Amino acid sequence: MSKRVMNPATRVAAVALATAGLGASLVAGAGSAFAAEGKAVVPTAATASAAVAAQAETQAHLAAQVKAAAAKKTVAVKATAVKATATKKAVTAKKAPAWVKPVSSYTLSASFNQGGAMWAHKHSGQDFAVPVGTPVKAAGAGTVVKAGPYGGGDGPAYGNAIVIKHANGKYSQYAHLSKIQVKIGQKVGAGQRIALSGNTGNSSGPHLHFEIRTTPNYGSAVNPAAFLRAHGVGI
Ligand SMILES: [Zn+2]
């Protein structure tokens, strides 16, 4: 603070400035500046008026800035909303089906629960007759929990096989493969290639054996054709 005693004119200016909305600190700052110059500066009424006018102008300017910022914000919010809508549309348009056929082109052969000399019990899956080397795709998104020879652990009859765990609690199984192209723990998307079909294990000819299971293991299979059809996949 200035030790200088405020003269009446300064007081008038200070009052005017304070009235105009200037804080006490600004008045003190002005006073300090006066003191620093080492001489008493007597602000004239004109100076005070100019300060008031300047302050008014500043406030008007600030108000304009606030208004502009608000307008800008409104535009930005609108733009964001438009962008969100566009993104939503794009997602809807691009949304891949949750379930797909495990092979694209095939002839349905042995069906679920079919009896026959090939199986110790009834047939636990749906067979898709395809040439050896046909790309096999994950029927749905999930995580690979079995992948390897001997049915990935389920038994030699399956040959090279893969089991995928899905978010709905079901498991899909792919057997008699010629080449496994995923590893245990790998996440896959619906329709992602996971293997090439083959004729390994207890197989009467080139085909994909496909199961839907309620657990990762043999013995928990449900009708895979009915499952796919119930999930919008016509086979
Ligand atoms: Zn089969």
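Since we're looking at a predicted model, the values are computed, not measured. Starting from 1, residues in each chain are numbered consecutively following that chain's sequence as written. Predicted model: local features are reported for residues with pLDDT of at least 70 only, side-chain atom pairs are reported and counted for 80 or more only, and whole-chain, interface and lining totals are derived from all residues.

Q: Give me the lowdown on the overall build of the protein chain, citing residues and values where you can.
A: Helix and strand definitions here come from DSSP, where helices need a minimum of 4 consecutive H or I residues and strands a minimum of 2 consecutive E residues; each element is numbered from the N-terminal end. Scanning the protein chain for helices and strands turns up four helices and eleven strands. Backbone-placed C-beta atoms define the burial measure: a residue is buried with 20 or more other C-beta atoms within 10 Å of its own, exposed with 12 or fewer, and partly exposed in between. Buried residues in the protein chain amount to 27% of all 235 residues.

Q: Which residues make up unusual backbone geometry, and what are the values?
A: The phi torsion of most residues other than glycine is negative, and most of the peptide bonds are trans. Within the chain, Tyr150 stands out as a residue other than glycine whose phi angle is a positive 55 degrees. Relative to the helices and strands, Tyr150 is located in the loop between β4 (142-148) and β5 (160-166). The class for Tyr150 is partly exposed, based on 15 C-beta atoms found within 10 Å. With phi around 65 degrees, His176 is a residue other than glycine that occupies positive phi space. With respect to the helices and strands, the residue His176 is situated in strand β6 (residues 171-177).

Q: Which residues make up the sheet that holds strand β9 (residues 193-196), and what are the values?
A: Strands in a sheet are paired, the pairing made by backbone hydrogen bonds, and the direction either parallel or antiparallel. The rule for pairing is simple: two strands pair if DSSP sees at least two bridges between them. In spatial order, the strands read β3-β9-β7; together these three strands make up an open sheet with antiparallel pairing. Pairing within the sheet leaves two strands with one partner each, and these edge strands are β3 (135-137) and β7 (179-180). With three bridges joining them, β3 and β9 adopt antiparallel strand pairing. When the sheet's bridge partners are listed, Lys137 is paired in β9 with Arg193.

Q: Tell me about the environment of Gly205, and name the residues and values.
A: Here Gly205 is to be found in the loop between β9 and β10 (207-213). For Gly205, a count of 10 C-beta atoms within 10 Å translates into the label exposed. Put simply, Gly205 and Pro131 are 74 residues apart on the chain and 9.0 Å apart in space, counted from C-alpha to C-alpha.

Q: Outline the pairing of β9, listing residues and values.
A: As paired elements, β7 and β9 share two bridges and run antiparallel to each other. Within β9, the position partnered with Ile180 by the bridge is Ala195.

Q: Which residues make up the nonpolar core, and what values do they have?
A: Core analysis: the biggest nonpolar cluster contains 30 residues, and Ile162, Tyr174 and Leu177 have the highest contact counts within it. At the level of secondary structure, the elements contributing two or more residues to this core comprise β4, β5, β6, β9, β10 and α4 (224-230). In this description, any two residues whose backbone-derived C-beta atoms lie within 7 Å of each other are considered to be in contact. For Tyr174, the residues in contact, after removing those within four places along its chain, are Pro102, Val136, Ala161, Ile162, Ile194, Ala195, Leu208 and Phe210. Definition of nonpolar core: a set of buried Ala, Val, Leu, Ile, Met, Phe, Trp, Tyr and Cys residues joined via C-beta atoms within 7 Å.

Q: How would you summarise the pairing of β5 if you had to cite specific residues and measurements?
A: Burial analysis of β5 places five of its seven residues in the buried class, which makes it a mostly covered element. In this structure, β4 lies alongside β5, joined through six bridges in antiparallel fashion. Bridging from a neighbouring strand, Gly148 pairs with Ala161 of β5.

Q: Explain the confidence of the model for the protein chain to me, and be specific about the residues and the numbers.
A: Predicted coordinates in areas of low pLDDT are best not read in detail. In this model, the protein chain carries a mean pLDDT of 77, and residues with pLDDT of at least 70 account for 58%. What pLDDT reports is the predictor's confidence in each residue, on a scale of 0 through 100. Of the regions scoring below 50 in pLDDT, residues 1-48 engages in 36 contacts with residues more than four places distant in sequence or in other chains.

Q: Account for the environment of Gln186, naming residues and giving values.
A: Mapped onto the elements, Gln186 comes out in the loop between β7 and β8 (187-188). Overall, the presence of 16 C-beta atoms within 10 Å leaves Gln186 in the partly exposed class. Along the chain, Gln186 and Thr143 lie 43 residues apart, while their C-alpha atoms are 5.6 Å from each other.

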